[in-house]
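Below are the chains, spelled out letter by letter.
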Amino acid sequence: MLQRLVNTSNAMSPSVPLQEMIRAIRSARTQCEERGVIQRECAAIRAQFRQADNGGRSHNLAKLLYVHMLGYPAHFGQMECVRMIASPRYSEKRVGYLGAMMLLDEKQDASLLITNSIKNDLSHSNQYVQSLALCTLACMGSAEMCRDLAPEIDRLLRASNSYIKKKAALCAVHIVRKVHELGELFAPAARSLLAEKNHGVLHGAVVLITELCERNPETLERFRKTVPDLVQIMKGLVISGYSPEHDVAGVSDPFLQVRILRLLRILGRNNEAASDAMNDLLAQVATNTDSTKTVGNAVLYETVLTVLDIKSESGLRVLAVNILGRFLLNNDRNIRYIAMTSLQRIVGTDHNAVQRHRGTIVDCLKDQDASVKRRALELSLALVSATNIRSMMKELLLFLSSCPLELRSQAASGIFNAAERYAPSQRWHIDTILHVLTTAGGDVRDETVPNLIQLITNTSELHCYTVHKLYRALLSDISQQSLVQVACWCIGEYGDLLLRGECQETEPVQVTEDDVLDALETVLQSHMSAPATRGFALTATMKLSTRITDNVDRIRSIVSIYGSCIDVELQQRAVEYNALFKKYDHMRAAVLERMPVIEKNSPGHTNGESTREAVKEVQPAKVKQAETLLPQQPANQVCDLLDLLGGSEEPLQSNPAVGSTVPVLPISTSSTAGGDLLDLLGGLEPTPLTPAPTVTVYEKSGVTLTLSSEKQSDSGLTVTLTASNSTDSDISSFTLQAAVPKSVQLHMKAPSGDSLPARGAAKVTQMVVLSNPNKVNLKMRIRISYTSQGSAFQDTVQVDSFPEH
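Residues numbered from 1 in each chain as written. Predicted model: local features only at pLDDT ≥ 70, side-chain atom pairs only at ≥ 80, totals over all residues. Heavy atoms only, no water.

## What about the pairing of strand β6 (residues 703–711)?
Reasoning step 1: The buried fraction of β6 is high, at eight of nine residues.
Reasoning step 2: One ladder, built from six bridges, connects strand β5 (residues 694–700) with β6; its direction is antiparallel. When the sheet's bridge partners are listed, Tyr698 is paired in β6 with Leu705.
Reasoning step 3: Note that β6 and strand β7 (residues 716–725) share nine bridges and pair antiparallel. Looking at β7, one finds that Lys711 is bridged to Leu717.
Reasoning step 4: The turn linking β6 back onto β7 is made up of four residues. (Buried < 20%, exposed > 50% of the residue type's maximum accessible area, 1.4 Å probe, protein only. Helix = DSSP H or I, 4+ residues; strand = E, 2+ residues; numbered from the N terminus. Pairing = 2+ DSSP bridges.)

Shown next as structure tokens:
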């Protein structure tokens, strides 16, 4: 290798041409050898830059630019670029300006040195020298340079040379982006450019006017008068014959057409007169543009966006939706994707027009592309209504059985929301949810189980049918945890109906007590059962002790086994149930009777779902021995009988999640029976539950974020963030990020979900644990990110104070 490096060094001299240097670099076998070649060449270039009379400056700078393109340092060539820009020779100016665009930016001090050279070249007699100066200013001009040279650009916009006017218009766009207040300077010249025939000048003028209108409402109103001129230009492009100079795949200058359509969309937004002036043109473009080529589809897509964004006629909007429907049949997946994205945005306003393409949209669920499939799912869920709920749900359930894992949670959540909103009957609603749990029980949201339990509880005429169906599902599969939890709950509540074997809605099945207990014991012993599922199964087993007669001793044996379980929650329940068997057996029937009807507190939340909400209604237990001794107390005085071993100062609320099968009883501390129950570990006094104060920290675009805090210790604080969505469209990919001062330790627990259904159907909660040992002033910055209707949104809010509990 050393010999090769020597040979390469001998072959290269400071005057080697650019082609020879490129050939030597490409022939290097290793990166080390490549670096050696470049370092020697850069040293030779530096040496020649120091010479006063150097005839090969442009040659050396060209080689240095190639080195810069390879990613090696080339900053030492910046001053050489400045010197070459000031050269009177065009060949050196060209390379100097190219070097300035590549090696300089507005943060470099050297960029200020070329301001005077650019100003001189803007007045040069050679149009190509003027073009170099315009391109450089448009590429890397700083705000100071733009302010100094803006009058020169305005002068060139009024020049007679079309080539210069085109470059000047694009340079003016850069100036407006850098210095917004300079837009007024270019408005008159931009208006006059629309009378040009040259397509390049028209293109630059339309881009400049678009930039001016987007940044200044007053300028927007002024340029609305140009709508007839733009319509005439667009009509000329649409009806013009073949022009080899501008034709692209049979479409006349599609780039200019797209730019004009975008400008018309801005000018016609929220303006009746401007929209009326362009309606006929848009209809003509939509019907005359060839949709068999990608170029034609690009023009049609911009036309559709313009029609949907302005105050267009209803027939024109239907035509736009039909064009998007044709896009769905295109073989190009990118075109299908943008079609569904556009339909998603308008499904709320043009629901009936989009419904006509429901079959095509549903067919896109079978597409192999994951992004197309996701868009088709979102659009299909948005199209579900009371009239098509059965047919659409059939397709969605079929999709759920074969959809990718990353889409299963979104599909299940959407099916639940649609079923709750448009269910034709309670039985159909229950069957649909059970079908989802059977197919994707591991991918559903946490609130699915309590919501289904509430639905079953409120549908008394279907208790027998539901418990039979869930029992058969439990025997066939115990891997779906949500399904198993609901099945155990129903068996515990309505086990007597199951054992009776009389059910008109389904085929009668003879089930014995041993069969039911075997099924529950299988759940308890299975390694697939989560701790919460075992809690459901143990509570169901305990409740069966009042619904069967021959196997009470077996139930007592099962419960006693789990009194020494390693899981603390399961162990506590088993000990409490053993206490019911031994010390309070006379009250066991009343304690374990059926749950009352569960009322819904808020959309998407059932009773007991939040431990900070008060219990609305408590049904008294029908205990014969103590019926007169149990007067009903206020709801906030309720104590959960499951907590027989107590240890908590705050009473627990009725929660269907684990122990909800045991009813909540009103307790009076003065009553004998109530006193006995509370005296298991020494007479715990029930304490009213004081809800933590909640403040709204963010409310924008239908998304609301509330914050509540609870002090755990002198330096510990638990913050609960709750997000809701009041818009008409679902929100997905919802995430919260938090930042606190460096001396504060932050731990974010897993959120309850990542999607917010429409109209507040469900909420997302996130707990944040803060440790503040130095007791500094607490502040928190929260970043909110989500996706709605195919568009990503991100916002930040700062919390300077926390509500005290």
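And the narrative resumes.
## Topic: the sheet that holds β7
Reasoning step 1: A sheet is described by the order of its strands in space; here five strands give the open sequence β5-β6-β7-β10-β9, paired in antiparallel fashion. The sheet terminates laterally at β5 and β9 (745–748), the two strands that pair on one side only. Adjacent strand axes in the sheet meet at a mean angle of 20 degrees, parallel and antiparallel pairs treated alike.
Reasoning step 2: Two elements, β7 and strand β10 (residues 764–771), share eight bridges in a ladder whose sense is antiparallel. Among the inter-strand pairings, Thr718 is bridged to a residue of β10, identified as Val769. (Axes fitted to C-alpha atoms, helices over the stretch in contact; angles between N-to-C directions.)

## Observations regarding a negative patch on the surface
Reasoning step 1: A cluster of acidic residues, Glu272, Asp276, Asp280 and Glu313, forms a negative patch at the surface.
Reasoning step 2: You can see Glu313 is positioned in the loop between α17 (294–309) and α18 (314–328). (Patch = residues over 30% accessible without salt bridge, like charges linked within 9 Å, V, L, I, M, F, W, Y side chains within 5 Å. Areas by Shrake-Rupley, 256 points an atom, 1.4 Å probe, with all protein chains shown as cover. Salt bridge = Lys/Arg side-chain N within 4 Å of Asp/Glu carboxyl O. Lys, Arg positive; Asp, Glu negative; His and termini not counted. Charge placed at Lys NZ, Arg CZ, Asp CG, Glu CD.)

## A short note on the sheet that holds strand β11 (residues 780–788)
Either a parallel or an antiparallel arrangement is found when strands of a sheet pair, and the pairing is made through backbone hydrogen bonds.
Reasoning step 1: Strand order across the open sheet formed by three strands is β8-β11-β12, with antiparallel pairing between neighbours. The two strands at the open ends of the sheet, each matched to only one other strand, are β8 (731–739) and β12 (791–799). Going from strand to strand, the sheet's axes swing by 15 degrees on average, the running direction of each strand aside.
Reasoning step 2: Here β8 runs beside β11; their pairing, made up of seven bridges, is antiparallel. When the bridges of β11 are listed, Ile731 appears paired with Ser788.

## Topic: the confidence of the model for the protein
Reasoning step 1: Predicted confidence across the protein gives a mean pLDDT of 81, with 85% of residues reaching 70 or more.
Reasoning step 2: Below pLDDT 50 for its whole length, residues 602–689 participates in 168 contacts with residues either more than four positions away or in separate chains. (pLDDT = per-residue confidence, 0-100. Contact = heavy atoms within 4.5 Å.)

## Examining the side chain of Gln766
Reasoning step 1: Inspection of the secondary structure assignment puts Gln766 in strand β10.
Reasoning step 2: Owing to a relative accessible area of 6%, Gln766 belongs among the buried residues under this scheme.
Reasoning step 3: Leaving out residues up to four positions away in the same chain, Gln766 has contacts with Val719, Thr720, Leu721, Leu736, Met748, Lys749, Ala750 and Pro751.

## Some points on empty space enclosed by the protein
Reasoning step 1: Across all of its chains, the model carries one cavity of 30 Å³ or more by this definition.
Reasoning step 2: Approximately 30 Å³ is the volume found for the largest cavity.
Reasoning step 3: What lines the largest cavity is Leu282, Ala286, Thr303, Val304, Val307, Leu316, Leu319, Ala320 and Ile323.
Reasoning step 4: Only α16 (272–288), α17 and α18 provide two or more residues apiece to the lining of the largest cavity.
Reasoning step 5: Element by element, the count of residues in the lining of the largest cavity is highest for α18, at four residues.
Reasoning step 6: Considering only residue class, the lining of the largest cavity consists of eight nonpolar, one polar and no charged. (1 Å grid on protein atoms, 1.4 Å probe; cavity = no way out; pocket = protein on both sides within 12 Å on 5 of 7 lines; lining within 4 Å. Points joined across faces, edges and corners; volume = space filled by probe spheres on them. Nonpolar A, V, L, I, M, F, W, Y, C, P; charged D, E, K, R; others polar.)

## Description of helix α27 (residues 463–476)
Reasoning step 1: Compared with the 20 Å implied by 1.5 Å per residue over 14 residues, the 20 Å span of α27 between its first and last C-alpha is a close match.
Reasoning step 2: Listed in full, the buried residues belonging to α27 are His463, Cys464, Tyr465, Thr466, Val467, His468, Leu470, Tyr471, Ala473 and Leu474.
Reasoning step 3: Residues of α27 that are buried sit in contact with α25 (426–440), α26 (448–458), α28 (481–500) and α29 (513–525). (Expected span 1.5 Å × (residues − 1).)

## Overview of the packing of aromatic side chains
To describe a pair of aromatic rings, one takes the distance between the centres and the angle between the planes.
Reasoning step 1: In total, this model carries four aromatic pairs according to the counting rule given.
Reasoning step 2: A ring pair is formed by Trp489 and Tyr494, whose centres lie 6.0 Å apart and whose planes are at 75 degrees; its orientation type is edge-to-face. Per residue, the accessibility class of Trp489 equals that of Tyr494, and both read buried.
Reasoning step 3: Here the aromatic rings of Tyr786 and Phe793 are separated by 5.4 Å at their centres, their planes lie at 25 degrees, and the arrangement is stacked.
Reasoning step 4: A relative accessible area of 39% places Phe793 in the partly exposed class.
Reasoning step 5: Among the aromatic residues, ring-to-ring pairing joins Phe734, Tyr786 and Phe793 into one connected group. (Phe/Tyr/Trp six-rings, centres within 6.5 Å; stacked < 30°, edge-to-face > 60°.)

## Here we look at the pattern of salt bridges
Reasoning step 1: Under the definition given, this model contains 36 salt bridges.
Reasoning step 2: Arg23 is the partner of Glu20 in a salt bridge, and the nearest nitrogen-oxygen pair spans 2.8 Å. Taken together, the positions of Glu20 and Arg23, both in helix α2 (residues 18–26) and three residues apart, correspond to about one turn of that helix.
Reasoning step 3: Two residues, Asp514 and Arg554, come together in a salt bridge whose shortest N-O distance is 3.2 Å. Within this pair, whereas Asp514 is found in helix α29, its partner Arg554 is found in helix α31 (residues 552–561), the two being separated by 40 residues in sequence.
Reasoning step 4: Using a relative accessible area of 36% as the deciding quantity, one classes Asp514 as partly exposed.
Reasoning step 5: The network of salt bridges with shared partners includes Arg57, Glu80, Arg83, Arg89 and Glu92.

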